[in-house]
Amino acid sequence: MNFELTEERQMLQDTLRRFLADKYDVSTRNAILDSENGMSADIWAQLAELGVLGALFTEDDGGFGGAGYDISVVFEELGRAGVVEPILETCILGGGLVAALGNETQKALVESVIAGETRLALAHSEPRSRYDLSRVETSYSDGKMTGHKSMALGAPNADYVIISARESGGVEDQDGISLFLVPVSDLELRSTPMMGGGMAADIYLDGLAVSEDMRLGTKGGAFPYLETVNAAAITAICAQTLGSMETATRLTVEYLQTRKQFGKAIGTFQALQHRLSDMLIELEQARSAVIGAAGYLSADPALRDRYASAAKNLMGRSGRLIGEEAIQMHGGIAMTQEFELAHIAKRIIMADHMFGDTDHHLERFIALSAA
């Protein structure tokens, strides 16, 4: 099989890589991380102008991509540069749901997202849900929403938050879950910065007034769409981790070639060469896993989810090995904020806990394979 990028995707990759190499250095990122919002509105606008946000949506939705390989190309470059702007939250989660379920008025937001004018977020996780998409305790009835959403990624910087709520069924039933598009100005947020960049928020809903016209899609029928955007988000975070792993490996190679001990570069020591070889092998395995997840993103849901879980499990294990080896071979400098590896390693470790960790996806892969 030919795994080379198409001409359009190669152009997208080259353009984004050049832009980030020029605009997104360590000092710029550290300034963004230290800012109140944890993101740069200027960088966001420039990414939209380059067409990066549009590459994550289909032509029918006003973009020019939206396939698994478009997602993997974009997020690999974002991971390579350690970008912290809420692109996954806005385009994959929020934008994906609005594009799939929104009415004509709501779908107009997608064009605004592609233009960089609007940001979205999804509030679905709850304190007792862990990684179970179907466990929703937040309820909606008689125009009121009550519940508690935890760690809503990107919500502090969003203009609208998509909130899941149960309208029927038991707490863990797949049927009966609805989605509502709520302006962030109507919500009570308790914001927190995340390790490795980005912002999240807990949202407390105490009888929040939500009108019927805020609903996305049909009453109680949101679960299959949550599964779809979750699979896309897993593909994106795996590609992002791959990019981060590439950067960690590159920095380690450069350090081994320049750091000297006993009058010679430490990269000439056989023990360190063996450890670097392990990193390179894991990196190639991870690349194959991302290609698999991206290639099956539009497949039958059971097959799609099996490949997504296989990739997420491998990325968690390979990412941890590469992150730990890179830090150990660098020594203390790897833990300083002024050195790029410190941020990259945090991103790798944090990614394992997003959308299901290594153990969760191993169990899920086994269950899907048995079925």
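Throughout what follows, the structure given in this document is the object of discussion. What you are looking at is a predicted structure, and each value in this text was computed from that prediction instead of being measured. (Residues numbered from 1 in each chain as written. Predicted model: local features only at pLDDT ≥ 70, side-chain atom pairs only at ≥ 80, totals over all residues. Heavy atoms only, no water.)

What follows covers the packing of helix α4 (residues 68–81) against helix α7 (residues 223–258). Following both chains from N to C, one finds α4 and α7 inclined at 40°, their axes separated by 7 Å at the closest point. Taken together, α4 and α7 sit at an angle that is classed as oblique. The chirality of how α4 crosses α7 is right-handed. Of the residues in α7, those touching α4 at G68, I71, S72, F75, E76, G79 and R80 are A232, T235, A236, A239, Q240, L242, G243, S244, E246 and T247. Classifying every residue of the contact of α4 with α7 gives six nonpolar, eight polar and three charged. (Axes fitted to C-alpha atoms, helices over the stretch in contact; angles between N-to-C directions. Helix = DSSP H or I, 4+ residues; strand = E, 2+ residues; numbered from the N terminus. Parallel < 35°, antiparallel > 145°, perpendicular 65-115°, else oblique. Left-handed = near helix turned anticlockwise from the far one by under 90°. Contact = heavy atoms within 4.5 Å. Nonpolar A, V, L, I, M, F, W, Y, C, P; charged D, E, K, R; others polar.)

Attention now moves to the pairing of strand β6 (residues 189–193). Note that β6 and strand β7 (residues 199–209) share five bridges and pair antiparallel. Bridge pairing in β7 places T192 opposite A200. In sequence, β6 turns back onto β7 through a hairpin of five residues, with G196 there showing a positive phi of about 90°. (Pairing = 2+ DSSP bridges.)

Estimated volume of the largest pocket: approximately 760 Å³. Lining the largest pocket are 32 residues, and of these S125, R130, Y131, F355 and G356 sit closest to its centre. Elements with a contribution of two residues or more to the lining of the largest pocket: β1 (120–123), β3 (144–153), α7 and α11 (358–370). Ranked by residues supplied to the lining of the largest pocket, first place goes to α7 with six residues. In this model, the second largest pocket occupies a volume close to 440 Å³. Taken together, 20 residues line the second largest pocket, and the ones lying closest to its centre are T58, G66, G96, T228 and A232. For the lining of the second largest pocket, the secondary structure elements donating two or more residues are α4, α5 (87–101) and α7. Here the lining of the second largest pocket gets five residues from one element, more than from any other, and that element is α5. Considered class by class, the residues forming the lining of the second largest pocket number twelve nonpolar, six polar and two charged. (1 Å grid on protein atoms, 1.4 Å probe; cavity = no way out; pocket = protein on both sides within 12 Å on 5 of 7 lines; lining within 4 Å. Points joined across faces, edges and corners; volume = space filled by probe spheres on them.)

Structurally, the position occupied by S178 is in strand β5 (residues 177–183). Within the structure, the side chain of S178 is placed 2.5 Å from the side chain of E167, a separation counted as a polar contact. If we ignore the near neighbours within four places in the chain, the residues touching S178 are I163, S164, A165, E167, R215, T218, K219, G220 and A222. (Polar contact = N/O pair within 3.5 Å; in protein donor to acceptor, adjacent residues only side chain to side chain.)

What follows covers the pattern of salt bridges. Applying the stated criterion across every chain, the model contains 22 salt bridges. Linking E137 and R128 is a salt bridge whose minimum nitrogen-to-oxygen distance equals 2.9 Å. Given a relative accessible area of 32%, E137 falls into the partly exposed group. One salt bridge connects R364 with D305, and the closest N-O pair in it is separated by 3.4 Å. Here R364, found in helix α11, pairs with D305, found in helix α9 (residues 301–330); they are 59 residues apart in sequence, far enough to count as distant. (Salt bridge = Lys/Arg side-chain N within 4 Å of Asp/Glu carboxyl O. Buried < 20%, exposed > 50% of the residue type's maximum accessible area, 1.4 Å probe, protein only.)

Turning next to α9. Look at α9: 42 Å from first C-alpha to last across 30 residues, which is about the 44 Å you get at 1.5 Å a residue. Positive phi appears at G331, one or two residues downstream of α9, with a value of about 85°. (Expected span 1.5 Å × (residues − 1).)

Let us look at the packing of aromatic side chains. Overall, the coordinates contain two aromatic pairs when judged by the stated rule. Where Y140 meets F180, the ring centres are 4.4 Å apart and the plane angle is 40°; that geometry is what we call tilted. Taken as a pair, Y140 in strand β2 (residues 139–141) and F180 in strand β5 lie far apart in primary sequence, 40 residues in all. The burial state of Y140 is the same as that of F180; both residues are buried. Taking the centre distance of 3.8 Å and the plane angle of 15° together, the rings of Y296 and Y307 count as stacked. Pair noted here: Y296 is in the loop between α8 (270–295) and α9 and Y307 is in helix α9, with a separation of eleven residues, a long-range link. By relative accessible area, which is 30% here, Y307 ends up partly exposed. Seen from the ring of W44, R119 lies directly overhead, with NZ or CZ sitting 5.5 Å from the centre. The ring of Y204 has R190 lying over it, and the distance from NZ or CZ to the ring centre is 4.6 Å. (Phe/Tyr/Trp six-rings, centres within 6.5 Å; stacked < 30°, edge-to-face > 60°. Lys NZ or Arg CZ within 6 Å of the ring centre and 35° of its normal.)

Moving on: the pairing of strand β4 (residues 160–166). In terms of residue burial, β4 counts as a mostly covered element, since six of its seven residues are buried. Pairing analysis gives four bridges linking β1 to β4, with the strands arranged parallel. From the neighbouring strand, A121 faces β4, where its bridge partner is V161. Pairing analysis gives seven bridges linking β4 to β5, with the strands arranged antiparallel. Within the sheet, the bridge partner assigned to V161 lies in β5 and is V182.

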